[in-house]
Amino acid sequence: HYASERKRELYEVENLTDKEREETREIFSTYGLNPEQIDDIVNTMAKDKEKWVDFMMRYELNLEKPDTKRAPISACTIGGSY
């Protein structure tokens, strides 16, 4: 799920830049920043697409990169619980 959402978000950052900029503005507007501050932040973020995608994954989609080492531990924990 995370990988497919990240791929979609990367596509949007590269191809729907204006839409993503507006979504980023909306996120920062909830923190009480003025429009000039928000524009500065958005312009800075747009320079590094990977970090911008990381930000959108976390703050737009509420998804964090899963820890692949955690899966076997979780499986054992769930299995042991039964």
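The structure under discussion appears in the preceding block.
Residues numbered from 1 in each chain as written. Predicted model: local features only at pLDDT ≥ 70, side-chain atom pairs only at ≥ 80, totals over all residues. Heavy atoms only, no water.

*Asks:* I'd love a proper account of the nonpolar core, names of residues and values included.
*Replies:* A general tendency of soluble globular proteins is for nonpolar side chains to be buried together. Grouped together as the largest cluster of nonpolar side chains are 14 residues, with contacts concentrated most on Phe-28, Met-45, Trp-52, Phe-55, Met-56 and Met-57. Within the residue set of this core, elements represented by two or more residues are α1 (2–15), α2 (17–29), α3 (35–45) and α4 (49–59). Per-element accounting of this core gives the leading share, five residues, to α4. (Core = buried A, V, L, I, M, F, W, Y, C linked by side-chain atoms within 4.5 Å. Buried < 20%, exposed > 50% of the residue type's maximum accessible area, 1.4 Å probe, protein only. Helix = DSSP H or I, 4+ residues; strand = E, 2+ residues; numbered from the N terminus.)

*Asks:* Describe the packing of α2 against α3, with residues and values.
*Replies:* Where α2 meets α3, the closest approach of the two axes is 10 Å, and the angle between their N-to-C directions is 135°. Taken together, the axis directions place α2 and α3 in an arrangement best described as oblique. When you trace α2 past α3, the crossing you get is right-handed. Along its contact with α2, which presents Arg-21, Thr-24, Arg-25, Phe-28 and Ser-29, the element α3 presents Ile-38, Asp-39, Ile-41, Val-42, Asn-43 and Met-45. Looking at the contact of α2 with α3, its residues break down into five nonpolar, three polar and three charged. (Axes fitted to C-alpha atoms, helices over the stretch in contact; angles between N-to-C directions. Parallel < 35°, antiparallel > 145°, perpendicular 65-115°, else oblique. Left-handed = near helix turned anticlockwise from the far one by under 90°. Contact = heavy atoms within 4.5 Å. Nonpolar A, V, L, I, M, F, W, Y, C, P; charged D, E, K, R; others polar.)

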